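Fold and contact review
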Amino acid sequence: MAIKIPKQSARPVKRATAASKPAPASYAHVAIDDQDVVLLQLRDNGRVNIQDIAFAVFEAKAPGRRAGATWFAFHASGKPHHGGKSTWLGLSNSVPLEVLDMLQAVLQAAGMDVERDTGRALRLQLDPLARLSDDGLEILVPAALVGEPGQRRVIDRGGTPAIARGYTLAPSNAAALQDLLLGR
């Protein structure tokens, strides 16, 4: 099933073009900390790839992203939910409401019933999926699996090119305090 994502043309988007090109010396892994997210909870119908839709919407809305802003998307499936909506897509608070609405509309056009909620990404065990920043659109991969951070590899996500970027999970302050107090 082909889902049409409307494009936006406010300013040019950094597109990943080369299969592998050297990255700037400062290109390092991204440390992901726990953050508030708006959750789109849905029952996956198996007809479309929800992650690919997230990448396509991020790419379509990238020209409208404020310089310096960083958008994150998180994903998990098999989550417990009272209504059977076990696939969750979390979007950081920096993602504008317009983008969230568009993503929900595209998922609903694909025949999925979508419910919104809020939560904390890492506390809900959501996996980092995508990052849109001044560096461009990136697919987030655990640092141990991404390979050499000095190489920027382009990964195709359902027709949307994204650069593979390693991430590490920043330790939780609450977990560190609990370890200190409970002696773990």
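Residues numbered from 1 in each chain as written. Predicted model: local features only at pLDDT ≥ 70, side-chain atom pairs only at ≥ 80, totals over all residues. Heavy atoms only, no water.

1. Things to note about the pairing of strand β9 (residues 151-157)
The two faces of the sheet receive side chains in turn, since in a regular strand these alternate between them. So the rule is basically this: At least two DSSP bridges between two strands are required for those strands to pair. A run of H or I in DSSP counts as a helix once it spans at least four residues, and a run of E counts as a strand once it spans at least two, with each numbered from the N terminus.
Two elements, β9 and strand β10 (residues 160-169), share four bridges in a ladder whose sense is antiparallel. Counted as the bridge partner of Ile155 is Ala162 from β10. Hairpin geometry of β9 and β10 is characterised by an intervening segment of two residues between the two adjacent antiparallel strands and by a positive phi of about 60° at Gly158.

2. Quick look at the pattern of salt bridges
Under the convention used in this document: Each reported salt bridge corresponds to a side-chain nitrogen of Lys or Arg within 4 Å of a carboxyl oxygen of Asp or Glu. The buried label goes to any residue with under 20% of its type's maximum accessible area, the exposed label to any with over 50%, and the partly exposed label to all in between, with areas taken from a 1.4 Å probe on protein chains only.
Scanning all chains against the criterion turns up twelve salt bridges. When the shortest N-O distance is used, the salt bridge between Asp113 and Lys85 registers 3.1 Å. With Asp113 in the loop between α2 (97-109) and β6 (114-120) and Lys85 in the loop between β4 (71-76) and β5 (87-92), this pair connects stretches of sequence that are 28 residues apart. Since its relative accessible area comes to 51%, Asp113 is described here as exposed. By relative accessible area, which is 9% here, Lys85 ends up buried.

3. Quick word on the environment of Leu122
What counts is decided by this rule: The contact criterion used is simple: two residues touch if any of their non-hydrogen atoms lie within 4.5 Å.
Locating Leu122 in the fold gives a position in the loop between β6 and β7 (127-133). Along the backbone, Leu122 and Val37 are 85 residues apart, and their C-alpha atoms lie at a distance of 9.8 Å. Leu122 has contacts with Ile32, Asp33, Asp34 and Leu169, leaving out every residue within four places of it along the chain.

4. Some details on α2
Stated precisely, the cut-off is as follows: Here the expected span of a helix is defined as 1.5 Å times the quantity of residues minus one.
Relative to the 18 Å expected for 13 residues at 1.5 Å per residue, α2 spans 18 Å between its end C-alpha atoms, a close match to the ideal helical length. For α2, the full list of buried residues reads Val99, Leu100, Met102, Leu103, Gln104, Val106 and Leu107. Residues of α2 that are buried in the fold lie against β3 (36-42), α1 (50-61), β4, β5 and β6. Just past α2, the residue Gly111 takes up positive phi, approximately 90°.

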